[in-house]
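# Descriptive structure summary
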Amino acid sequence: MKTKLSLLLAALTLGAAVTALAGPGPQYWQTLRNAEQFHQLKPGTKIAYVCNQCKTVTEVAVQSTDQAMELCKEGATIMCPACKTKVKVVIKGPPKNATVQREITYTNDKGEACLFIAKVVANP
C-alpha cells in the first residue's frame, strides 16, 4: 500500500513539474493568423515572438501600426529577436477564394514553419 501511495505522489509531483515548465500558453497569448488581426494592433500593444528554432518566447511592444503590418506582408523577411534567425512571411490559402481565410506563417530556409507571432493577452 505504501508503494502505491509513493508512486502516486511521485507521479503527481512529476506532472506538476512538467506543467510548471511548459510556460505560458493559450490563456496568455492569442495567435495572430491574418492581416486584419495585425491591423488591429495599436502602439504599445505587446506581442510575443514564439520561435521554434531557439525555443524562446520574446515579448516586444508594437511601435506603430505600420510596423505591425510589416510582420504580415507576404514575402517580407523578419528576424527572431532572440536568435536572430531570419524567417520569411508566407501566406497560405487560395488567393482567389474570398470565403477561405488565408493564414500567415513564418518559414525558415527549408520552408518549414519555425516561428509564430501572438498578441499578449492581459491577465483576467
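Along each chain, numbering runs from 1 in the same order as the chain's sequence is written. Local features in a predicted model are, by the rule used here, given only for residues with pLDDT of at least 70; side-chain atom pairs are given and counted only at 80 or more, and totals for whole chains, interfaces and linings are based on all residues. Working from all heavy atoms in the structure, the side-chain values ignore hydrogens and water.

### Examining the overall build of the protein chain
Operational definition: Counting from the N terminus, the helices are the DSSP runs of H or I reaching at least four residues and the strands are the DSSP runs of E reaching at least two. Burial here depends on accessible area, computed with a 1.4 Å probe over protein chains only, as a share of the maximum for the residue type. Under 20% is buried, over 50% is exposed, and the range in between is partly exposed. Areas reported as accessible are Shrake-Rupley estimates using a 1.4 Å probe. Residue values count occlusion only from the protein chains shown.
Counting its regular elements, the protein chain contains 3 helices and 7 strands. The linear arrangement of helices and strands in the protein chain, starting from the amino end, is α-β-α-β-β-α-β-β-β-β. Taken across its 124 residues, the protein chain has 27% of its residues classed as buried. Accessible area of the protein chain: about 8500 Å², with a carbon and sulfur share of 58%.

### Description of the nonpolar core
Burial of nonpolar side chains together is a common tendency in soluble globular proteins. For the record, the criterion: Grouping buried Ala, Val, Leu, Ile, Met, Phe, Trp, Tyr and Cys residues that are joined through side-chain atoms within 4.5 Å yields what is termed a nonpolar core. Contact between two residues is taken to exist if any of their heavy atoms lie within 4.5 Å; hydrogens are not considered.
Core analysis: the largest hydrophobic core is formed by 21 residues, its most contacted members being F38, I47, L71, I78, Y106, L115 and I117. For this core, the secondary-structure elements that each account for two or more residues are β2 (46-51), β5 (86-92), β6 (103-107) and β7 (113-120). Beyond its immediate stretch of four places on either side in the chain, I47 contacts L32, L41, T58, E59, V60, V62, L71, I117, A118, K119 and V120. Counting residues in hydrophobic clusters, the runner-up holds 5 residues, among them A48, V50, A118 and V120.

### Observations regarding the environment of A113
Note that A113 resides in strand β7. Sequence-distant contacts of A113, that is, excluding residues within four places in its chain, are made with N52, Y106 and T107.

### Digging into the pairing of β5
Worth spelling out the cut-off: At least two DSSP bridges between two strands are required for those strands to pair.
Alternating residues of β5 divide into V87, V89 and I91, all buried, and K86, K88, V90 and K92, none buried. Both strand β4 (residues 77-79) and β5 contribute to a ladder of 3 bridges, which runs antiparallel. Its bridge partner being in β5, I78 is matched across the sheet by V87.

### Section: unusual backbone geometry
Even without being a glycine, K55 presents a positive backbone phi close to 60 degrees. Following the sequence through the fold, K55 ends up in the loop between β2 and β3 (56-61). Despite not being glycine, K84 shows a phi value in the positive range, around 65 degrees. With respect to the secondary-structure elements, K84 resides in the loop between β4 and β5.

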